[in-house]
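# Observations on the three-dimensional arrangement
So the chains spell out like this:
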Amino acid sequence: VNHVQFSGDGTRLVSGGDDGTVRLWNADTGLPIWNAVALLSNPSRLYSHRGWATLAPTPIRASARITSKVEQAIESRGLFGRVSPTTHTLCLLTKDQKLELWNTQLDEMTWQVDAPELTELRTHKGGCLFATPLGIQEVDRKARTKAFPKTANARSLSIQGNTIVVGLDESVVTFMDADHTTPASVYKMSPGISSAALHPTSKHLIVGFNDGSIESY
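Residues numbered from 1 in each chain as written. Predicted model: local features only at pLDDT ≥ 70, side-chain atom pairs only at ≥ 80, totals over all residues. Heavy atoms only, no water.

Roughly 230 Å³ of internal volume is contained in the second largest pocket. What lines the second largest pocket is a set of 14 residues, among which Ser41, Asn42, Arg45, Thr104 and Gln105 lie closest to the centre. Here the residues of the lining of the second largest pocket sort into four nonpolar, eight polar and two charged. (1 Å grid on protein atoms, 1.4 Å probe; cavity = no way out; pocket = protein on both sides within 12 Å on 5 of 7 lines; lining within 4 Å. Points joined across faces, edges and corners; volume = space filled by probe spheres on them. Nonpolar A, V, L, I, M, F, W, Y, C, P; charged D, E, K, R; others polar.)

In structure tokens:
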């Protein structure tokens, strides 16, 4: 963020960042006002600060829509979420720092756990994979928790195939699905890593840095 400006009454705050985005915030709560929480499928629909928007070729009239339990959860308490259409799951972070796993096909919540200071969130094999200052953790669909070692203060989290990629300040660590206790590889780099991911076809490691530079390995 390199620019901020308050509204005349002090209730709104707008910020501009190096990524070229402009965001609108509630100055009292610190929560975003311009915010898209989750994108659901079957039919495709997006929930943002403007409410639900149907992305299907023929939009469903608002009066004809039936609000599901998962939609009600997103509306009432959702901060942001990640959806997996293949496993019919939604990982939803709530405004009171709870993490919920939803079965979108059955329209029911599977579990809810505390998730303070969650910074990154992904769906993974029917459960949720997320980052906190303490490190990367995974909670599967049966609410069993696994911790990934030496991943405290992770800068980024991504998944490509069966490989989990964690960006730290001066290194990138990868884990294989079958073994979360031992890193598959560790790449030492210059400090200031902001993001890291594997290219889906070439399998090159793409790393972004706080100064705006991008490197490929």
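From this point, the narrative continues.
Our next topic: the packing of aromatic side chains. Taken as a whole and judged by the stated rule, the model has two aromatic pairs. Between Tyr47 and Trp52, the ring centres sit 5.0 Å apart and the planes meet at 45°, which makes this aromatic pair tilted. Judged by its relative accessible area of 15%, Tyr47 is buried. Judged by centre distance (5.0 Å) and plane angle (85°), the ring pair of Phe148 and Phe175 falls under edge-to-face. (Phe/Tyr/Trp six-rings, centres within 6.5 Å; stacked < 30°, edge-to-face > 60°. Buried < 20%, exposed > 50% of the residue type's maximum accessible area, 1.4 Å probe, protein only.)

Turning next to the pattern of salt bridges. On inspection of all chains with the given rule, the structure shows seven salt bridges. The partner of Asp114 in a salt bridge is Lys98, and the shortest N-O contact between them spans 2.3 Å. Of the two residues, Asp114 sits in strand S10 (residues 108-114) while Lys98 sits in strand S9 (residues 98-103), which places them 16 residues apart along the sequence. A relative accessible area of 24% places Lys98 in the partly exposed class. Ionic pairing is found between Asp169 and Arg155, a salt bridge with its closest N-O pair at 3.4 Å. One end of the pair, Asp169, is in the loop between strand S16 (163-167) and strand S17 (171-176); the other, Arg155, is in the loop between strand S14 (145-147) and strand S15 (156-160), and 14 residues separate them in sequence. You can call Arg155 partly exposed: its relative accessible area is 37%. (Salt bridge = Lys/Arg side-chain N within 4 Å of Asp/Glu carboxyl O. Helix = DSSP H or I, 4+ residues; strand = E, 2+ residues; numbered from the N terminus.)

Take the sheet that holds strand S6 (residues 51-54) next. A sheet is described by the order of its strands in space; here three strands give the open sequence S4-S5-S6, paired in antiparallel fashion. Bordering the open sheet on either side are strand S4 (36-40) and S6, each of which pairs with just one other strand. Neighbour to neighbour, the strand axes of the sheet diverge by 20° on average, direction disregarded. In the packing of helix H1 (residues 69-77) onto the sheet, contacts are made with S4, strand S5 (45-48) and S6, and the angle to S4 comes to roughly 165°. (Pairing = 2+ DSSP bridges. Axes fitted to C-alpha atoms, helices over the stretch in contact; angles between N-to-C directions. Contact = heavy atoms within 4.5 Å.)

Attention now moves to the sheet that holds S10. Read across the open sheet, the four strands follow the order S7-S8-S9-S10; overall the sheet is antiparallel. Looking along the sheet, the strands with just one partner apiece sit at the ends: strand S7 (78-84) and S10. The sheet shows a mean angle of 20° between the axes of neighbouring strands, taken without regard to direction. As paired strands, S9 and S10 are joined by six bridges and run antiparallel to one another. Looking across to S10, one finds that Glu100 is bridged to Gln112.

Note that all results are geometric; they support no functional claim without further evidence.
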